[in-house]
Amino acid sequence: MIAQYRDRSLRSLKSSSVNRRLAILSHLFTIAKKEWGYDVVNPVLSIRRPTNPEPRDRRFTEEELEKIFSCNRTSPKMKFIIRLALETGLRRTELASIKVENIKGNTLKIPVAKIKPRTIPLTPEAVQLLKYNLPIGMSSNAIRLAWVRICRRHKIEDARFHDLRHEALSRFFEVKNLNVPEVQLISGHLEPRTLMRVYANLRPQDLANKLAKL
């Protein structure tokens, strides 16, 4: 039955989504046996899990970003949001929820986050961006739709708004020379190995240049 559920779900969901649902089912049986004393066998352990796809490693070129920021048809609001995403590594939902009262000097409290609320440090550029451009005034979905239009207009292919987060966190490693715990504080990842696997895919040439300076 669990295997049939897996196969049926894979017709409409990504393998990562199916694996998350299977994890919930597996946890249910684990709690029933360990905490509640039921003599049950966990059927999820007896099936093959779908293989998760390789994490995205989409980086933006300077030419792509220049097209966005120099275009008169891109609204000032979206230019601000994109620049802020590159300076903070925030997700769309986190950007859309920023309020003036969340800012304390050069820190920003994220009250609504994917995992749990957190407070992040801000770069000087992010402080200036927030000083003159609040309120955000766009929902998460409105930001997504505007981003799709921008990419279509400039023929920027295979680019999701979430890739700006990837770009920002990679730059924290490459340009700001932050270490994993420091970037983890900003990104909100619970597991440092997740951050290493998904985001620390440094450009080989950038790393070679860094080594040349040592």
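Below you will find a few notes about this structure. (Residues numbered from 1 in each chain as written. Predicted model: local features only at pLDDT ≥ 70, side-chain atom pairs only at ≥ 80, totals over all residues. Heavy atoms only, no water.)

Topic: the packing of aromatic side chains
Here comes step 1: Taken as a whole and assessed by the stated rule, the structure comprises two aromatic pairs.
Here comes step 2: Ring geometry for Phe-60 versus Trp-147: centroids 5.9 Å apart, planes at 85°, classification edge-to-face. Placement of the pair is Phe-60 in the loop between α2 (15–34) and α3 (62–70) and Trp-147 in helix α7 (residues 140–153), with a sequence separation of 87 residues. For the pair shown, Phe-60 and Trp-147 are each scored as buried.
Here comes step 3: Ring geometry for Trp-147 and Phe-161: centres 5.7 Å apart, planes at 90°, overall edge-to-face. Of this pair, Trp-147 sits in helix α7 while Phe-161 sits in the loop between α7 and α8 (163–174); the two residues are 14 residues apart in sequence, bridging distant segments of the chain.
Here comes step 4: Through successive ring pairs, a cluster of aromatic residues spans Phe-60, Trp-147 and Phe-161.
Here comes step 5: Arg-58 extends its terminal NZ or CZ atom over the ring of Phe-60, reaching a point 5.0 Å from the ring centre.
Here comes step 6: The side chain of Arg-83 reaches across the aromatic face of Phe-69, ending 3.8 Å from its centre. (Phe/Tyr/Trp six-rings, centres within 6.5 Å; stacked < 30°, edge-to-face > 60°. Helix = DSSP H or I, 4+ residues; strand = E, 2+ residues; numbered from the N terminus. Buried < 20%, exposed > 50% of the residue type's maximum accessible area, 1.4 Å probe, protein only. Lys NZ or Arg CZ within 6 Å of the ring centre and 35° of its normal.)

Considerations on the nonpolar core
Here comes step 1: Counting residues in hydrophobic clusters, the biggest one holds 32 residues, and the most contacted among them are Met-78, Ile-81, Ile-82, Trp-147 and Phe-161.
Here comes step 2: Where this core is concerned, the elements lending two or more residues are α3, α4 (76–88), β2 (107–110), α6 (124–133) and α7.
Here comes step 3: Here this core takes seven residues from α4, the largest share from any one element.
Here comes step 4: For Trp-147, the residues in contact, after removing those within four places along its chain, are Phe-60, Ile-68, Met-78, Ile-82, Ala-159, Arg-160, Phe-161 and Leu-164. (Core = buried A, V, L, I, M, F, W, Y, C linked by side-chain atoms within 4.5 Å. Contact = heavy atoms within 4.5 Å.)

A word on the pattern of salt bridges
Here comes step 1: Under the counting rule described, the total for this entry stands at eight salt bridges.
Here comes step 2: Here Arg-58 makes a salt bridge to Glu-64, at a shortest N to O gap of 3.0 Å. Per residue, the accessibility class of Arg-58 equals that of Glu-64, and both read buried.
Here comes step 3: Its salt-bridge partner being Arg-91, residue Glu-94 comes within 2.7 Å of it at the nearest N-O pair. Accessibility classification places Glu-94 together with Arg-91 in one group, the buried group. (Salt bridge = Lys/Arg side-chain N within 4 Å of Asp/Glu carboxyl O.)

A closer look at unusual backbone geometry
Here comes step 1: Cis geometry marks the peptide bond from Leu-134 to Pro-135; its omega dihedral reads 5°.
Here comes step 2: Tracing the backbone through its elements, the reader meets Pro-135 in the loop between α6 and α7.
Here comes step 3: Its identity is not glycine, yet Lys-155 carries a phi of approximately 55°, on the positive side.
Here comes step 4: Within the fold, Lys-155 resides in the loop between α7 and α8.
Here comes step 5: For Asp-158, which is not glycine, the phi torsion reads 50° and is therefore positive.
Here comes step 6: Relative to the assigned elements, Asp-158 resides in the loop between α7 and α8.
Here comes step 7: Given the relative accessible area of 55%, Asp-158 is considered exposed.

Some details on the side chain of Arg-118
Here comes step 1: Mapped onto the fold, Arg-118 is located in strand β3 (residues 118–121).
Here comes step 2: Of the residues examined, Arg-118 reaches a relative accessible area of 11% and is grouped as buried.
Here comes step 3: Dropping the residues within four chain positions of it, Arg-118 is found in contact with Leu-90, Arg-91, Glu-94, Leu-108, Lys-109, Ile-110, Ala-113, Arg-165, Leu-185, Ile-186, Ser-187 and Gly-188.

Looking at the packing of α4 against α6
Here comes step 1: Running from N to C, α4 and α6 cross one another at 150°; their axes reach a closest spacing of 9 Å. Between α4 and α6, the angle falls in the class roughly antiparallel. The chirality of how α4 crosses α6 is left-handed. The segment α4 lies against α6, with Lys-77, Phe-80, Arg-83, Leu-84, Glu-87 and Thr-88 engaging Glu-125, Ala-126, Leu-129, Leu-130 and Asn-133.
Here comes step 2: Of the residues in the contact of α4 with α6, the class split is five nonpolar, two polar and four charged. (Axes fitted to C-alpha atoms, helices over the stretch in contact; angles between N-to-C directions. Parallel < 35°, antiparallel > 145°, perpendicular 65-115°, else oblique. Left-handed = near helix turned anticlockwise from the far one by under 90°. Nonpolar A, V, L, I, M, F, W, Y, C, P; charged D, E, K, R; others polar.)

What to know about α4
Here comes step 1: Given a rise of 1.5 Å per residue, 13 residues ought to cover 18 Å, and the 18 Å separating the end C-alpha atoms of α4 matches this to within 8%.
Here comes step 2: The set of residues buried in α4 consists of Met-78, Lys-79, Phe-80, Ile-81, Ile-82, Leu-84, Ala-85, Leu-86 and Thr-88.
Here comes step 3: Of the residues trailing α4, Gly-89 is marked for its positive phi of about 70°. (Expected span 1.5 Å × (residues − 1).)

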